[in-house]
Amino acid sequence: MSRSTTAIPFRVNTARAVCDASLRQAMDYSTRTFSAKRAEGTAQVPLEEWRERASAIRMQVLDNLADYVDRFSANATRAGAVVHRAKDAQIARDTVAAILKDRGIKMVVKAKSMVTEEIHLNKRLEEIGIEPVETDLGEYIVQIAGETPSHILAPAIHKSRKDIGRLFADKLGIEYTDDPEVLTKVARRVLREKFLAAKAGITGANFAIADTGSLVIFTNEGNGRMVTTLPRLHVAVLSVEKVIPSLADLSTFVRLLPRSASGQILSSYLSVITGTRKQGETTGAREIHIVLVDNGRSEIVKGEFREILKCIRCSACMNVCPVYKVIGGHAYGCTYPGPMGIVLTAVLEGMERAHPLQDATTFCGACVEVCPVKVPLSKLLRRLRERRAEQRLTPLVERLAMFGFGTVTQSPALFGLGQRMSWSVWPLLKDFSRSKLFVRLPRPARKTFKRSMS
Ligand code: SF4
């Protein structure tokens, strides 16, 4: 688990993000579109029944995580894959780097994988002279822009088509255009050459089936298929909680994941990969390595935030979050943004680093309503706030203010006195304080609601 004690500068990041009109416009349009499509895609189905089922399957896995991971590993090995266990991010990075380096790989094509972002795999590969090429269009855009994903499903959600047009003109030397079709064709041409030249491909996995040792990958662009079938070597990097018991259980997630993510009834491509290419088969990698990343999850699953590991990374919670919708993913300063990211970052990276993110919630509960696996995000977020107060990680002024507020509201006499005084004290505060807060506050009523009723 990577731990840093430097707190994420969330307030600074947020101040910058809210001043960026183009970012706000792009976020507003994209998150509204995703949410509308999700609502449409889930309108005519027995959603509650599916959510209950999905939640139960995920809890069953978490209750027996080690057993399911062992079963998956044994069956994947039997199917011809080599399974590696990585206790932390560094071991995971080094394992992938060694597999590629030992085979003389100089360039590798990648399908989108958030866990490779979590372990900072690309940086490690570049350090040893291996070029990682992202092949998901959004991920390719943020890679050539030198950025990180701003959304777990749509990495370039924060960019307008004009931004992308300028980026392609600058980095790929084409004439400026903001026509999405032309830009997509350009990316496809560049990436096709990479697919054909690559000797290795790296993917994540949406699920791993314990009973069969299969990897399950949902994509919409077909790049996942190219990455896993054209090169002779396939390296899959996934976190341990991606395991589900059986192919029968997969049917629940096949219905829920695309609908929750983008409102699609099905993803355009669904690959189920069981081991290496067998005799007589015409596609598939000849060598498969599966790197199972723990990175603290074996401990997280025993703790009070364990239910965050139910998450299937659909992104629905961020698309409805009133904070994420305005500031986008980069302001969070970590791999996983949005409501689920606040919780996951706290347990993966530690409270000292992640506690400022806990300001990024309004407790409106919208995230809980849309989550397809019923992660109790509000409960987990509230518990994190409590932890932050217990660990005295909030600023002193905030602690003093909350102490004062608590003392006054618990005493009817003090509360009444405060109400009576507020009318006369307020102009003084307004005049003497330089804080814009007091200027913006409405003047307290001379007569309280309670008194006017009596
Ligand atoms: S917490 Fe729920 S809604 Fe959010 S990404 Fe995970 S599965 Fe989707």
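Residues numbered from 1 in each chain as written. Predicted model: local features only at pLDDT ≥ 70, side-chain atom pairs only at ≥ 80, totals over all residues. Heavy atoms only, no water.

**Digging into the site of the ligand**
Around the ligand, the neighbouring residues are Cys311, Ile312, Arg313, Cys314, Ser315, Cys317, Met340, Cys371, Pro372, Val373 and Leu377. A class-by-class count of the residues in the shell around the ligand yields nine nonpolar, one polar and one charged. (Near = heavy atom within 4 Å. Nonpolar A, V, L, I, M, F, W, Y, C, P; charged D, E, K, R; others polar.)

**A short note on the packing of aromatic side chains**
Two descriptors summarise a pair of aromatic rings, namely the distance from one centre to the other and the angle between the planes of the rings. This structure, assessed with the given rule, holds five aromatic pairs. Here the aromatic rings of Phe207 and Phe253 are separated by 4.9 Å at their centres, their planes lie at 35 degrees, and the arrangement is tilted. Linking Phe207 in strand β5 (residues 207-209) with Phe253 in helix α12 (residues 247-262), this pair joins segments that are 46 residues apart in sequence. By the burial criterion, Phe207 is buried, and Phe253 matches it. A centroid spacing of 6.1 Å and a plane angle of 35 degrees characterise the contact between Tyr324 and Tyr332, whose relative ring orientation is tilted. Looking at Tyr324, the relative accessible area reads 0%, which means it is buried. Residue Tyr332 is classed as buried on the basis of its relative accessible area, which comes to 0%. Among the aromatic residues, ring-to-ring pairing joins Phe10, Tyr324 and Tyr332 into one connected group. (Phe/Tyr/Trp six-rings, centres within 6.5 Å; stacked < 30°, edge-to-face > 60°. Helix = DSSP H or I, 4+ residues; strand = E, 2+ residues; numbered from the N terminus. Buried < 20%, exposed > 50% of the residue type's maximum accessible area, 1.4 Å probe, protein only.)

**Some remarks on the pattern of salt bridges**
Under the definition given, this model contains 33 salt bridges. A salt bridge links Glu147 to Lys159, with the nearest nitrogen and oxygen atoms 3.0 Å apart. In this pair, Glu147 sits in the loop between α8 (137-144) and α9 (161-172) while Lys159 sits in the loop between α8 and α9, placing the two residues 12 residues apart along the sequence. In this structure Glu147 comes out as partly exposed when scored by relative accessible area, which is 29%. Residue Arg313 is joined to Glu241 by a salt bridge in which the shortest nitrogen-to-oxygen separation is 3.2 Å. Of the two residues, Arg313 sits in the loop between α13 (297-300) and α14 (316-320) while Glu241 sits in the loop between β7 (233-239) and β8 (243-244), which places them 72 residues apart along the sequence. Summarising the burial analysis for this pair, Arg313 and Glu241 share the class buried. Sharing partners across several salt bridges, the network here consists of Glu304, Arg383, Glu386, Arg387 and Glu390. (Salt bridge = Lys/Arg side-chain N within 4 Å of Asp/Glu carboxyl O.)

**Looking at the nonpolar core**
Judged by nonpolar contacts, the single largest core of 108 residues is most densely connected at Leu100, Ile290, Ile308, Tyr332 and Met340. Sorting elements by how many residues they give to this core places helix α16 (residues 338-349) first, with seven residues. Every residue in contact with Ile308, bar those within four places of it in the chain, is listed here: Met340, Val343, Leu344, Val347, Val375, Leu377 and Leu380. If you look at the next biggest cluster of nonpolar residues, it comprises 20 residues, including Met107, Ile144, Ile164 and Ile174. (Core = buried A, V, L, I, M, F, W, Y, C linked by side-chain atoms within 4.5 Å. Contact = heavy atoms within 4.5 Å.)

**Here we look at the sheet that holds strand β10 (residues 287-293)**
With respect to topology, six strands assemble into an open sheet ordered β1-β10-β7-β4-β2-β3, the strand pairing being parallel. Of all the strands in the sheet, the pair left with one neighbour each is β1 (82-86) and β3 (131-134). Across the sheet, the mean angle from the axis of one strand to that of its neighbour is 20 degrees, orientation sign disregarded. Relative to β10, β1 is paired through five bridges, and the arrangement is parallel. When the bridges of β10 are listed, Arg85 appears paired with Leu292. Docked against the sheet, helix α4 (residues 65-78) engages β1 and β10, running at close to 150 degrees with respect to β1. (Pairing = 2+ DSSP bridges. Axes fitted to C-alpha atoms, helices over the stretch in contact; angles between N-to-C directions.)

Nothing here speaks to function; it is all geometry.
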